[in-house]
Amino acid sequence: MRNISDIIEQYLKHILHESEDKIVEIQRNDLADQFNCVPSQINYVISTRFTLEKGFLVQSKRGGGGYIRIQKVMFPSHDSLQNHILQTIGHQIDQSAAEGLIYQLEDTGILTAREANLFKAAITRDVLALKLPLRDEIRAKILKAMLISLISK
């Protein structure tokens, strides 16, 4: 059985997918009532599952009539994808940001699930058993080389 966070995440992704402009505005309390949970559960789902690294832009307006707006960030065209990857990764990248980028690439269909799993396996801190910041620098080099090799087919 899935937990409430998974159910809320799937619901929000579904309504985002159905939206023409890939934007959804929600009332936190209304959504909490709909799923019979506390509003902080909604905050948790949004802050952990709808991050920029995973391809989402989140804005919120507090107060009466406040809302949370979630927008799916679209990847650039394949022509500029290589530059986007180089800029996103930079000279170093931590494991969480790298996994977020891999998730985003898989979610948009650039990586298959199998490729995404291979990428994740290659960049974990267990495999890159080095001290920081060297570990994040090596991770960035590996990730860039693998991604550029893959998209340059």
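The name that an unreviewed UniProt entry assigns to the protein chain is Transcriptional regulator CtsR, with the source organism given as Chengkuizengella axinellae. Under the Sequence similarities (unreviewed entry) heading, UniProt states for the protein chain: "Belongs to the CtsR family."

This part covers the layout of surface pockets. By volume, the largest pocket amounts to about 310 Å³. Taken together, 15 residues make up the lining of the largest pocket; nearest its centre are R28, K61, R62, Y67 and I68. Those elements that place two or more of their residues in the lining of the largest pocket are helix 2 (28-34), helix 3 (39-49), strand 2 (56-61) and strand 3 (67-72). Here the lining of the largest pocket is composed, by residue class, of 5 nonpolar, 6 polar and 4 charged.

Glancing now at the sheet that holds strand 1 (residues 23-26). A sheet is described by the order of its strands in space; here 3 strands give the open sequence 1-3-2, paired in antiparallel fashion. The sheet is open, and its two borders are formed by strand 1 and strand 2, each paired with just one other strand. Across the sheet, the mean angle from the axis of one strand to that of its neighbour is 15°, orientation sign disregarded. As defined by bridge partners, strand 2 adjoins strand 3 across 6 bridges and the pair is classed as antiparallel. Directly across from K61, in strand 3, lies its bridge partner Y67. Against the sheet, helix 1 (residues 4-18) touches strand 1, strand 2 and strand 3, its axis set at about 130° to strand 1.

What follows deals with helix 5 (residues 95-107). Since there are 3.6 residues in each turn of an α-helix, residues three or four apart along the chain are aligned in direction. With 13 residues, helix 5 extends 18 Å from end C-alpha to end C-alpha; this agrees with the ideal 18 Å at 1.5 Å per step. Taken as a whole, helix 5 has its buried residues at Q95, A98, G100, L101, I102, Q104 and L105. Two to three positions downstream of the cap, the backbone nitrogen of S96 sits 3.2 Å from a side-chain oxygen, assigning the N-cap of helix 5 to D94. Phi for G109, located one or two positions after helix 5, is positive at around 85°.

What counts as what
- Residues numbered from 1 in each chain as written.
- Predicted model: local features only at pLDDT ≥ 70, side-chain atom pairs only at ≥ 80, totals over all residues.
- Heavy atoms only, no water.
- UniProt positions renumbered as here; feature names shortened; annotations may be inferred.
- 1 Å grid on protein atoms, 1.4 Å probe; cavity = no way out; pocket = protein on both sides within 12 Å on 5 of 7 lines; lining within 4 Å.
- Points joined across faces, edges and corners; volume = space filled by probe spheres on them.
- Helix = DSSP H or I, 4+ residues; strand = E, 2+ residues; numbered from the N terminus.
- Nonpolar A, V, L, I, M, F, W, Y, C, P; charged D, E, K, R; others polar.
- Pairing = 2+ DSSP bridges.
- Axes fitted to C-alpha atoms, helices over the stretch in contact; angles between N-to-C directions.
- Contact = heavy atoms within 4.5 Å.
- Expected span 1.5 Å × (residues − 1).
- Buried < 20%, exposed > 50% of the residue type's maximum accessible area, 1.4 Å probe, protein only.
- Polar contact = N/O pair within 3.5 Å; in protein donor to acceptor, adjacent residues only side chain to side chain.

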